[in-house]
Amino acid sequence: IIYENVLLDSGATFGFDDFSSATVDRIQASGSSFADNDTSLMTSAAIEDKIAADTSLASGTWTATLNGGTSNPGSKVTATGHYARMGGMVHVQVDFDNVDTSNYAGTIFSSGLPVAAKSGTDGLGVVHNNNMISGANDSVQALVPATGSVIRFIENSSDNLLEFGTVGTGKHFSIAVTYLV
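Residues numbered from 1 in each chain as written. Predicted model: local features only at pLDDT ≥ 70, side-chain atom pairs only at ≥ 80, totals over all residues. Heavy atoms only, no water.

### With respect to the overall build of the protein
Operational definition: Elements are defined by DSSP. Helices are runs of H or I of four residues or more, strands are runs of E of two residues or more, and each kind is numbered from the N terminus. Relative accessibility thresholds used throughout: buried, under 20% of the residue-type maximum; exposed, over 50%; partly exposed, between the two (1.4 Å probe, protein chains only). By the convention used here, residues are in contact when the closest approach between their heavy atoms is within 4.5 Å. In these tables, accessible area is a Shrake-Rupley quantity obtained with a 1.4 Å probe, and a residue counts as shielded only by the protein chains included in the view.
Of regular secondary structure, the protein possesses one helix and ten strands. Looking at the protein residue by residue over its 181 residues, the buried ones come to 31%. For the protein, contacts bridging at least 24 residues in sequence account for 65% of all contacts bridging at least 6. Approximately 10800 Å² of the protein is accessible, and the part contributed by carbon and sulfur atoms is 47%.

### Comments concerning the side chain of Lys171
Operational definition: Under the convention used here, Asp and Glu are negative, Lys and Arg are positive, and both His and the chain ends fall outside the count. Salt bridges are counted wherever a side-chain nitrogen of Lys or Arg sits within 4 Å of a carboxyl oxygen of Asp or Glu. Pairs of N or O atoms are called polar contacts if they sit within 3.5 Å, as long as, within protein, a hydrogen donor faces a hydrogen acceptor (for residues adjacent in sequence, only side-chain-to-side-chain pairs).
One can find Lys171 in strand S10 (residues 171-180). For Lys171, which is buried and forms no salt bridge, the nearest opposite charge comes from Asp100, at a distance of 8.6 Å. A polar contact is formed between the side chain of Lys171 and the backbone oxygen of Thr166, at a distance of 2.9 Å. Not counting residues within four places of it along the chain, the set of residues in contact with Lys171 comprises Phe96, Asp97, Asn98, Val99, Thr101, Asn130, Asn131, Met132 and Thr166.

### Structural notes on the confidence of the model for the protein
Which entries qualify depends on this criterion: Scored from 0 to 100, pLDDT reflects the predictor's confidence in each residue.
On average, residues of the protein carry a pLDDT of 79, and 67% of them reach 70 or more. In this model residues 1-6 is a low-confidence stretch, pLDDT under 50, and it forms three contacts with partners more than four residues away in sequence or in other chains. Segment residues 9-28: pLDDT under 50, and 19 contacts once partners within four positions in sequence are set aside and those in other chains are kept.

### A short note on unusual backbone geometry
Glycine aside, a negative phi is what most residues show, and trans is what most peptide bonds show. Positioned with a positive phi, Asn98 is a non-glycine residue whose angle comes to about 55 degrees. Within the fold, Asn98 resides in strand S3 (residues 89-99). Residue Asn103 is not a glycine yet carries a positive backbone phi of 75 degrees. By the secondary structure assignment, Asn103 is in the loop between S3 and strand S4 (108-111).

Next up, the structure:
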C-alpha cells in the first residue's frame, strides 16, 4: 500500500478492517470545490463539505397572501410569517390576526411560500382556526401540495378543500407547516 501526500486532521483516523480490497486513489482537501462535476475527487472530506453546505440553516421572513378560490377583494390580505430551512426541510409559520375577509369567497388558501415543495411529497401542518374557515366537522390541517407554493386547508378526516367561513372583520387563524424541498 502506497500513501502519497496524505494529511489527516489531528485526531482523525484512517484505516480498514480488510486491507486486501482497500485502495485510496485521491484525497481532496477540505473546502475544495468540484470542477465540472469531476466526481473522481469525491472523497470523504469532499462529501462532508457537501453535506455541511446542503444542510446549513437558513431562516427569515416571508409574506403570506390570503386568497379565495372564486373571489378576492381588490387588495388582498397579507401577513408576515417566519420560516426556517434545515437542509431539505422547510418549516413556516404565519398568523393572520384580526383581518377583514370581506369579498373573499370559495376555497381558502395562502400563497407566497419562501420555497416551493418537492415533487411527490405533500407537507402537512396545524391550523388554529378562529372563524376563518368553515365546513370542517373535524380539525383543520394545513396542506402544502407536492410541487406547490401555496398552503391549502383540509379537514382532518378527508381531503376536501375547505372554504371561507362567514366573511367580515375580526377574523383570525394561525398556520404552522413543515414540508420537503
